[in-house]
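# Topology and contacts: notes
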Amino acid sequence: MIFYSTNKQSTPASFKKATLEGLAGDGGLYVPSEIPRFSTDEIELLKDAPFNHIAFAIAKKFNDGEIPDDSLWKIVERCFTFETPLVELEKNTYVEELFHGPTLAFKDYGARFLAHLTGHFAQEDHTLITVLVATSGDTGSAVAYGFKGVPNTRVVLLYPSGKVSRLQEQQLTTVGGNVTALEVNGDFDDCQRLVKQAFMDAELKQCLALTSANSINISRLIPQTFYYAWGSLQLAALHPGKKAVFSVPSGNYGNLTGGVLAKMMGFPIKHFIAGSNANDSVTRYLEDGRYEPHPTVETLSSAMDVGNPSNFARLRHFYADDYRAMAADISGNSVSDTETLDTIKSVYDRFGYIIDPHTAVGFRALEKSRQTNATLNEPSTVMSTAHPAKFIEAIKEALDMDITIPDRLQEVLDRKKISIPMSTDYKDLAAFLMKL
Ligand SMILES: *Cc1c(COP(=O)(O)O)cnc(C)c1O
C-alpha cells in the first residue's frame, strides 16, 4: 500500500518509508492511499478469532506484502502479549480496558507496534536506528518500553527536569539497556526545540540513522484500529445484530481516528462519542463545523490537554473534509474537571469500579450523549485509556481513599533512577549524540 501526505506536496511513500519518516517531508501526516475493506464474509471469519489474529489480518491489509507474512505475524505476537478485556458495568454499558500493557496506558499498543516494525526494518537494512524523542511524560514512557530490547534500535529520551510526575520520571529513567534518558535543565519546549534541531543537523544525520517515533506516525495509528475491531466483534457476539457505540476520551485524536478507520474498514460499529476536557476545539467543531483552536488549558485529564490536535487533519481527510459526514459518525461532548471527579465517584458508588480521570471523561461524555440522543441507548463501550493507579491524586480527591498500586508499578517506583543531565544548548546534545 502507498501512503500520501495530508498536505499533498510530498511524494507518496511505501509503508517502510512512512513508518521511518513519521512526518511527511511537507509537514503533513501520512494517510493510506485507500482504506482497506473487510467483506461480511471476512468479518464473519474473524468473529471468534483471538486478538492477535484480528491484528494480523488488519496489519496485513495495510502492509500489503511489504513485510512477509511470517515476519508480520512474529511482530504482532511480540507486541500484544497482554489482554484487552471488555468489562460489563451494567446492561448495554461496557468498559474496554486498554491499560494492560507495560506502562498501563493505551499508548503501549501504538508504541510497541511501531517499535517492532522499526526493529524489523533496521534489521532488514543492517543498520542501527536511533529514536530521538522529546517527552512531557506519557508518550516517552510508552516509547521507552516499546523499544526496550528491540534489536537494531536504541532510544534517547529528552525530558524536562522536575516537570514530569515522579511515576513518569521513574518510567523514563529505569528502563536501561538500549534506552537512555536525558534530563534537560529546561522545559518541554526546550526539549522539543533540541530534538527539532537534531533532525535538521545534516552532519549528525550522516553519522546516525535518526527517527522520531512520535505520536502521529502511521504505524502508531494502525494498531489503534485493532482494539476497535476486536471490541466491536466481542460486543456483536454478546448482542447479535447490534453495532457498537464507542466513547473515546480524546486529546490529540489518534485513538478516535483509529476507531474511525476500523468502522470504515467494515467492522460492526455504529457511532463514536468524542469526549474532550476543557480543550474542546474538536467537540465544538462537531457542533457547528467551525474549527477554532484555543490555547491549551491544564486539566485533571492531563494527557488530553491538547489545544490544536494534530490528528484532526487525518480525521478531516478520512471524511473528505465533509463536516456533516463526520458529525453523522461522531458526537462530541466536553467534560469539566468537576464532572470528571463526580464521574469517578458515581461510577465507583454504582459499580464498585475505579476509573482514571481520562476514562471518566469518556464515561461522562457517553452519559451526556445518551440524554440527548436516544438511539445511543445501545451496547456502548467506553475506551479506558489508563489504569487508575497512574493518577492516584485525582482518585484520592474523588473517592477520598488510597488505592493499591499494582506490583508492576511499585517495582518501577522502587528502581534506581539513571539519567544524564543535559543543558538547553544544542551543541551539548549534538556532542553527546556524536559520541553515542
Ligand atoms: C494520550 C492519552 C489520551 C488521548 O489520546 P489521543 O489519541 O491523543 O486522543 C487519553 N488518555 C490517556 C491516558 C492518554 O495517555
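Notes on the structure follow. (Residues numbered from 1 in each chain as written. Predicted model: local features only at pLDDT ≥ 70, side-chain atom pairs only at ≥ 80, totals over all residues. Heavy atoms only, no water.)

This part is about the nonpolar core. Core analysis: the largest hydrophobic core is formed by 70 residues, its most contacted members being F80, F113, F267 and I330. For this core, the element with the most residues is helix 3 (residues 51-63), which contributes eight residues. When near neighbours in sequence (up to four residues on either side) are disregarded, F267 contacts F38, I43, L46, I58, A229, S232, L233 and A262. (Core = buried A, V, L, I, M, F, W, Y, C linked by side-chain atoms within 4.5 Å. Buried < 20%, exposed > 50% of the residue type's maximum accessible area, 1.4 Å probe, protein only. Helix = DSSP H or I, 4+ residues; strand = E, 2+ residues; numbered from the N terminus. Contact = heavy atoms within 4.5 Å.)

Running from N to C, helix 11 (residues 223-238) and helix 12 (residues 254-265) point in directions that differ by 60°, and their axes come no closer than 8 Å. By the criterion of interaxial angle, the relationship of helix 11 to helix 12 is oblique. For helix 11 against helix 12, the interelement crossing comes out right-handed. Taking contact as the criterion, the partners of Q224, T225, Y227, Y228 and A229 in helix 11 are, on helix 12, G254, N255, L256, G258, G259, L261, A262 and M265. (Axes fitted to C-alpha atoms, helices over the stretch in contact; angles between N-to-C directions. Parallel < 35°, antiparallel > 145°, perpendicular 65-115°, else oblique. Left-handed = near helix turned anticlockwise from the far one by under 90°.)

So, about helix 7 (residues 166-173). The element helix 7 is extensively covered by neighbouring structure, given that seven of its eight residues are classed as buried. All of the buried residues in helix 7 are L167, Q168, E169, Q170, Q171, L172 and T173. Here the buried face of helix 7 lies against helix 6 (138-147), strand 6 (153-160), strand 7 (179-184) and helix 19 (407-414).

Now for the site of the ligand. Looking at the ligand, there are 15 residues lining it, with K107, G251, N252, Y253 and T385 nearest. Protein chains bury 96% of the 390 Å² of accessible surface belonging to the ligand in isolation. Of the residues that constitute the shell around the ligand, the class distribution is six nonpolar, seven polar and two charged. (Near = heavy atom within 4 Å. Areas by Shrake-Rupley, 256 points an atom, 1.4 Å probe, with all protein chains shown as cover. Nonpolar A, V, L, I, M, F, W, Y, C, P; charged D, E, K, R; others polar.)

The next point concerns the packing of aromatic side chains. Evaluation of the coordinates by the stated rule reveals 22 aromatic pairs. Here the aromatic rings of F51 and Y109 are separated by 6.2 Å at their centres, their planes lie at 50°, and the arrangement is tilted. With F51 in helix 3 and Y109 in helix 5 (residues 107-125), this residue pair connects regions lying 58 residues apart in the sequence. We classify F51 as buried; its relative accessible area is 11%. Within the aromatic cluster, the residues linked to one another by ring pairs are F51, F80, F82, Y109, F113, F226, Y227, Y228, W230, F246 and F272. (Phe/Tyr/Trp six-rings, centres within 6.5 Å; stacked < 30°, edge-to-face > 60°.)

A separate point is helix 12. Since there are 3.6 residues in each turn of an α-helix, residues three or four apart along the chain are aligned in direction. The terminal C-alpha atoms of helix 12 lie 17 Å apart, and with twelve residues this matches the ideal 16 Å at 1.5 Å per residue to within 8%. Burial runs high along helix 12: eleven of the twelve residues are buried. Buried within helix 12 are the following residues: G254, N255, L256, T257, G258, G259, V260, L261, A262, M264 and M265. Count one or two residues on from helix 12 and you reach G266, which has phi positive near 115°. (Expected span 1.5 Å × (residues − 1).)

Another point: the environment of D428. On the secondary structure map, D428 appears in helix 20 (residues 426-435). Relative accessible area serves as the criterion here: at 37%, D428 is assigned to the partly exposed category. Measuring from C-alpha to C-alpha, the distance between D428 and L208 comes to 16 Å, with 220 residues separating the pair along the chain. Once residues lying within four places of it in the same chain are set aside, the contact partners of D428 are M422 and S423.

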